[in-house]
Structures are given as C-alpha cells and as structure tokens.
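The residues making up each chain are set out below.
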Amino acid sequence: MHNNKQIKFKNICRMVLLVRGVVQDEPPPDTRTLYLNHPVLRDSASQLLTISTKVVGPIGLLYVCQREMAVTVPHDKNVSIIGSDDVTTCIILVLRHTGSGAVGFAHLDGSCTEECVVNMVHRIQELSMGFPDGRLEMSLIGGFTHVLRYGEQVFYSLMVAVHKHQTEIELVLACVGELNTIMRNNVHWPLLYGAGVMVKSGEVFPANFPDKGPEQPLRLARLFTGLQPVLDVYDCSLGLLRIGPFNYEPMRSVDLWLQQSDEFILQALSTTPDVEPPHTVMAIRASLKYVQDHPFPAVTVFRDNRPLYYRRDEHSGTWTPFRY
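By the naming in an unreviewed UniProt entry, the chain is Protein N-terminal asparagine amidohydrolase, taken from Acyrthosiphon pisum.

Have a look at this one:
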C-alpha cells in the first residue's frame, strides 16, 4: 500500500535538472564533469569560498542533522537561519522557490536521497501556492574529494534523483568535490564543513554551529542503527521543531563499542577519520550511550507514538520542550 502511494506521488511531482536555463540531457556523472561542462559553477563556488565562515548562535537557528531536512517560509518568526555542519563526504542541499521564498534544507549522506528530494519539492510547492512566478533554485555544499569517493557517490545519487523527474530545478551553486578540497600533508581536507541559509533572503553562506539544538544523541543514533529515511524535523505552520517518532534496530554490541578507544571508534565509525572535527568522537560516544540506555525508542522515548516537540522560547531564543 505504501509503495503504491509512493509511485502515484512520484508521477505527480516530476523534476529535471537545469544549468544556466539549459536542460541537462543526462545527470553529470561526477563533480569534475560538472565543472568542466559548466565553468560558471566553478566561479560561483569560488565566490562562496571568499566569504568568511560565520559562527552562528542558537537564536533564530534551526539546525538540521545528518539525514534530516526542514522547509520554511520567509515570514517565519521563529527561524531566521537553517544550517548544518560536520559535513565531509555528505552534501548539504538547499532548494528555494524564487517567487514565494520558501526554502528547503537537507543534510544528505546518500540514504533515501530520491525520497527526500521528492518530499522537499512537494512541500516547497505547497508553500508556494498562489505564487505563479518563480522557479526552484538548488545549491550544493560539501562532498569533498576523498580517496574512496564517498562524496562523489552522494553527489551522483542526488543528480540522478533530480534528473529523473520533470519539474525544473536550476543548479545555481555547487561547492563540492575538488572545489571544496585542499591538500594538507598529502591528505585531502574539506574547505567548508558547514553552511547556512538566510531564510528571508535565500543567501547561502559558510558557517559552523556550536549549538546544534536539542536531542543530538537521539538524532545521531539513527546513523549507527541501520538505514533510515531523511526526516522532516520542522513544522513551519506551527513553528515547532519535531523529532520522531522513529525506531532503530537494537545495537547488541553497543556495550563493547563503548569500551573501545577514541581512535578505534573514529576509525571504525567515520568514513573520513583523518579529517573529522575534534568533537566527533564525543558526539559518537554520547549517541552510543543513548542507544545503550534506549534500545527501543518507540517504547521509552516516543510514548504513544508521539513526536518530541520543541518551540522557540521568547526570552532565551532557544528551543524548549513543548507538549502539543
């Protein structure tokens, strides 16, 4: 039944990739081919790299974790910036409707990419009803050049997902692959680890986020417990951050994992252990501890199959728990 609905939905919402207004006959196979065929994208990426990385605080921020997405509109009084960081081989996707200003943001790792793109476009189109003019513009940040080409795999899965359909999506910015890579001591490093988008203007900028919002260990637990869909974590009509409900496969070896050294955990559970930010192991340990304490979140965390809701506190500007 679910599959039938999905097929029907895909037939309604079709997309196609454009660069400089020209429909692409085939999805670009890799980032190098993209830049070779479209030097203008090299220029826009270089321009993004000239902007200093902003350190963004929690006020007005909606932080999106890996394998999450969010969509909102310019007049949202609760969210002024959507952002994500800790991006190495993952790719940040920003989609914006130039007429309504509705903007979607996702942190993609190759899991359920097509479903995410379809859902995001559908949500943006819903929020853009009544705006006959305007087009969908796409920006991509991340996916640095890595010896195992993980970033290229994420990039290609995203290009295929967009290219499969017929709603026009214009690629206006791609800071990925070699343009997001620097060599240090014979090791490839990402130039940008994160980005944000200004909800009102649509401006995309390099950023990092010391405060990543509530329930980080729970949200990251999905990454270590089997393939999971890309979750929509925000309801802009209510102004609520929404986590879950979801379940994950029990991790029977979690006690053993928690006994290992930081170096072992980093080498085993990161695709890019040499270039991860300093806080990575601490975040992984906190997430594994959460899995140990809550092996069945559907029972202990999301009681009665209810999401965890958070709303913006008017005084502190941070997300606080809310019973909805």
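Additional details are given in the paragraphs that follow.
Let us now look at the sheet that holds strand β17 (residues 240–243). Spatially, four strands are ordered β16-β17-β18-β19 in an open sheet, and the strand pairing comes out antiparallel. In this open sheet, the two strands that pair with only one neighbour each are β16 (234–235) and β19 (319–322). Where β17 meets strand β18 (residues 308–312), four bridges bridge the pair, whose relative direction is antiparallel. Bridged to Arg242 within β18 is Tyr309.

This next bit is on the layout of surface pockets. Approximately 880 Å³ is the volume attributed to the largest pocket. Of all the elements in the fold, those that place two or more residues in the lining of the largest pocket are α5 (150–163), α6 (216–221) and α9 (280–293). The leading source of residues in the lining of the largest pocket is α9, at five residues. Here the lining of the largest pocket is built from residues that sort into 16 nonpolar, 10 polar and six charged.

It is worth spelling out the sheet that holds strand β13 (residues 195–198) at this point. If you walk across this open sheet you meet the five strands as β3-β14-β13-β6-β4, and the pairing is mixed. In the strand order of this sheet, the two ends are held by β3 (54–55) and β4 (61–63), each with one partner. As paired strands, β3 and strand β14 (residues 204–208) are joined by two bridges and run parallel to one another. Note that in β14 the partner of Lys54 across the bridge is Ala207.

The subject of this paragraph is the nonpolar core. If you look at the biggest cluster of nonpolar residues, it comprises 79 residues, and the most contacted ones within it are Ile82, Leu93, Met120, Met138, Leu140, Leu158 and Leu171. Core analysis: the second largest hydrophobic core is formed by eight residues, Val56, Leu61, Ile81 and Phe205 among them.

Of the consecutive residues Gly244 and Pro245, the connecting peptide bond is found in the cis state with omega at 0 degrees. Residues other than glycine seldom take positive phi values, yet Asn186 does so here, at roughly 65 degrees. Note on Asn186: relative accessible area 74%, which makes it exposed. For Glu215, which is not a glycine, the phi torsion comes out positive at approximately 60 degrees. Within the fold, Glu215 resides in the loop between β14 and α6. Assessed through its relative accessible area of 25%, Glu215 is described here as partly exposed.

To continue, consider the packing of helix α8 (residues 262–269) against α9. At a minimum axis distance of 10 Å, the contact between α8 and α9 shows a crossing angle of 85 degrees. By the angle between their directions, the pair α8 and α9 is classed as roughly perpendicular. Contacts between α8 and α9 involve Asp262, Ile265, Leu266 and Leu269 on the former and, on the latter, Thr280, Val281, Ile284, Arg285 and Leu288.

Given a rise of 1.5 Å per residue, 14 residues ought to cover 20 Å, and the 20 Å separating the end C-alpha atoms of α5 matches this to within 8%. Taken as a whole, α5 has its buried residues at Gly151, Glu152, Val154, Phe155, Leu158, Met159, Ala161, Val162 and His163.

Moving on, we get to the side chain of Asn78. Mapped onto the fold, Asn78 is located in the loop between β5 (68–72) and β6 (81–84). What makes Asn78 buried here is its relative accessible area of 15%. When residues no more than four places from it in sequence are discounted, the contact partners of Asn78 are Gly60, Tyr234, Gly239 and Arg312.

Calculation rules
Residues numbered from 1 in each chain as written. Predicted model: local features only at pLDDT ≥ 70, side-chain atom pairs only at ≥ 80, totals over all residues. Heavy atoms only, no water. Pairing = 2+ DSSP bridges. Helix = DSSP H or I, 4+ residues; strand = E, 2+ residues; numbered from the N terminus. 1 Å grid on protein atoms, 1.4 Å probe; cavity = no way out; pocket = protein on both sides within 12 Å on 5 of 7 lines; lining within 4 Å. Points joined across faces, edges and corners; volume = space filled by probe spheres on them. Nonpolar A, V, L, I, M, F, W, Y, C, P; charged D, E, K, R; others polar. Core = buried A, V, L, I, M, F, W, Y, C linked by side-chain atoms within 4.5 Å. Buried < 20%, exposed > 50% of the residue type's maximum accessible area, 1.4 Å probe, protein only. Axes fitted to C-alpha atoms, helices over the stretch in contact; angles between N-to-C directions. Parallel < 35°, antiparallel > 145°, perpendicular 65-115°, else oblique. Contact = heavy atoms within 4.5 Å. Expected span 1.5 Å × (residues − 1).

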